[in-house]
Amino acid sequence: MPPFQNFLAAFGQYTQLIIDTAYWTFVAPFREKGKVFNGPATAEQLNEVGVRSLFIVLLLMFLVGLVLAMQSANELSKFQTTNLIPPIVCASIMRELGPLVVSIIVVGRSGSAIAAELGSMKIAEEIEALRTMGINPVRVLIVPRFIGMVVMVPILTIFGIVVGCAGGALIAWHTAHIPPDLFLTIALPYMFLVDIAVALLKSTVFGFLIATICCYFGFTVEGGAEGVGRATTSSVVMSIIAIIIADLILTAFFFFG
Amino acid sequence: MSEDYENIVEVKDMFRQFNGRPVLDGISFNAPKGTITVIMGGSGCGKSTLLRHIIGSLKPDSGEIRIMGKDITTLSESEMNGVRKRFGMLFQGSALFNSMTIGENVAIPLLEHGDLDANIVDIVVKMKMELVGLSGFEHLKPSEISGGMKKRVALARAIALDPKLLFCDEPTAGLDPIMTAVVDELTKDLCQKMGMSAIVVTHDMASAFRIADIMIMLHKGKIVAMGSPDEIRAEMDNGKNPILKQFINGEADGPIPFRQSSDGYLKSLMGN
């Protein structure tokens, strides 16, 4: 098949996976008989994506805050406008870097794990075994991971934004002698409620993209260990591409229109 | 559900092509209730593909497949899931869930399809593990046990819901002769004890003759021989079926040629 048709076929399968996942997450609990919600697996995924990623998210976002404040302090001091450090650092972290950096950390840490785990299950016939036992693999494998991502990426993003701003405040205190309380007083008027809402929306969309893309690549693995490796790489690359394109669209819509 | 069927599995005029190449070419057979039917044939003869069609993983291009009287080619996914609860499947690679213990693996069908109390599930798991001779191992992970034990655990999982029908895909592949005999004995024994029928796909002839009530030989997507083990032996001995003879005796060359490469060997050596 020519590459374009291949792409269309893959996109069709991906869309089908999204529809199935949405059905088994939001509709099936009210319509299907028997067991639908997989509590223990969902708790495990919330823990895996959220709790176990927290430390690395906090650390890296703090460092990003430091770097951003250093860069802006350096430039702004040339114009004696270091009082602009707080709004610049906080606004850019809240609007852009928070959702973006956190979701890229989650892709690398949890998204790749999803693709590799589901891919290994696929080649060991475990997914087919589920199907043969009359157990829907989307319900027991994808839905818990989907909920884990869509719930936890926004929460991690909030934590990330807070420590990122704290990192910025530390540099502002050290170089521009702006104490933290003053930092907050200067920054707050520039942080609008809509910014927080958009940050949450973005991170939810990013979580959605990570979960569906990584599950898709895991479920479509073919060709043994090499296939699992390839699927893991593709899941990370495609997730990051999708995240940045979605970011562009959302930013254009909310901040540029 | 009604139980008024004579054959647990019926396949009628089934065809399936992949990329224009016929892989299953007019397959018809009946597997009566309470028997063990062995489907045998060389690698690539279509026997695994046939099994995938019978369990509903793949759909045929045309033809009928009846399991317990129901034509599964016309069923919707949720109706098919109802049928799937009534048979068990033993996969070639066992397909145990590596993230769970053996006991949890056997418990999955019970927890997913039943509404049993945790204590009862525990008891049923222990009983199934005892049936395959592995009680006391429930707490181990699949990575901690041997291939033969995995097969037995997979068998315990396949019969967890007391199915009427068991499918086995190469149950003895990769096992030593003793373990092969153990798995064969277990399959036969379980079928008798539980009133179960079985469809077994294999290329292991010793094992096939040991367990089969009916043997079906597949070659290039067609059935080339079918009958009881005695009939198959007789057909082999009278020399009318050279493919069967070659396969059962394990001869390297015969109607199934040793050389599999396509024509034009000389041409390819000389570079077009």
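Quick caveat: nothing in here was measured; it's all calculated off a predicted structure.

### Here we look at the overall build of chain A
Part 1: A count of helices and strands for chain A gives eight helices and zero strands.
Part 2: N-terminal to C-terminal, the α/β element order of chain A is α-α-α-α-α-α-α-α.
Part 3: Taken along its principal axes, the extent of the C-alpha atoms in chain A is 70 × 40 × 35 Å.
Part 4: The proportion of buried residues among the 257 residues of chain A is 46%.
Part 5: Taking contacts inside chain A between residues at least 6 apart in sequence as the whole, the part at least 24 apart equals 83%.

### Some points on the pairing of strand E1 (residues 7–18) of chain B
Residue and element names in this part refer to chain B.
Part 1: Here E1 pairs with strand E2 (residues 21–32) via nine bridges, running antiparallel. Bridging from a neighbouring strand, Val 11 pairs with Phe 29 of E2.
Part 2: Taken together, E1 and the strand that follows it, E2, pair antiparallel across an intervening segment of two residues, in which Asn 19 is found at a positive phi of about 50°.
Part 3: Bridge analysis of E1 against strand E4 (residues 62–67) gives five bridges, and the strand direction is antiparallel. From the neighbouring strand, Glu 10 faces E4, where its bridge partner is Arg 66.

### A few points about unusual backbone geometry
Trans peptide bonds make up most of the peptide bonds, and negative phi angles are found at most residues other than glycine.
Part 1: The phi dihedral of Gln 80 of chain A is positive, around 50°, even though this residue is not glycine.
Part 2: Mapping Gln 80 of chain A onto the fold places it in the loop between helix H2 (39–76) and helix H3 (85–123).
Part 3: In this structure Gln 80 of chain A comes out as exposed when scored by relative accessible area, which is 66%.
Part 4: Residue Glu 170 of chain B is not a glycine yet carries a positive backbone phi of 45°.
Part 5: Mapped onto the secondary structure, Glu 170 of chain B falls in the loop between strand E7 (165–169) and helix H6 (177–194).

### Some points on the packing of aromatic side chains
Part 1: Tallied over the entire structure, the rule returns nine aromatic pairs over all chains.
Part 2: Ring centres of Phe 11 of chain A and Tyr 14 of chain A lie 6.3 Å apart, and the angle between their planes is 55°; this geometry places the pair in the tilted category. Of this pair, Phe 11 of chain A and Tyr 14 of chain A both sit in helix H1 (residues 3–31), three residues apart, which is roughly one turn of the helix.
Part 3: A residue is classified by how much of its surface remains accessible, and Tyr 14 of chain A, at 14% relative accessible area, is buried.
Part 4: On the numbers, 5.0 Å between centres and 85° between planes, the contact of Phe 253 of chain A with Phe 254 of chain A is edge-to-face.
Part 5: Lying across the ring of Tyr 5 of chain B, Lys 33 of chain B places its NZ or CZ 4.7 Å from the centre.

Definitions and cut-offs
Residues numbered from 1 in each chain as written. Chains lettered and ligands numbered in written order. Predicted model: local features only at pLDDT ≥ 70, side-chain atom pairs only at ≥ 80, totals over all residues. Heavy atoms only, no water. Helix = DSSP H or I, 4+ residues; strand = E, 2+ residues; numbered from the N terminus. Buried < 20%, exposed > 50% of the residue type's maximum accessible area, 1.4 Å probe, protein only. Contact = heavy atoms within 4.5 Å. Pairing = 2+ DSSP bridges. Phe/Tyr/Trp six-rings, centres within 6.5 Å; stacked < 30°, edge-to-face > 60°. Lys NZ or Arg CZ within 6 Å of the ring centre and 35° of its normal.

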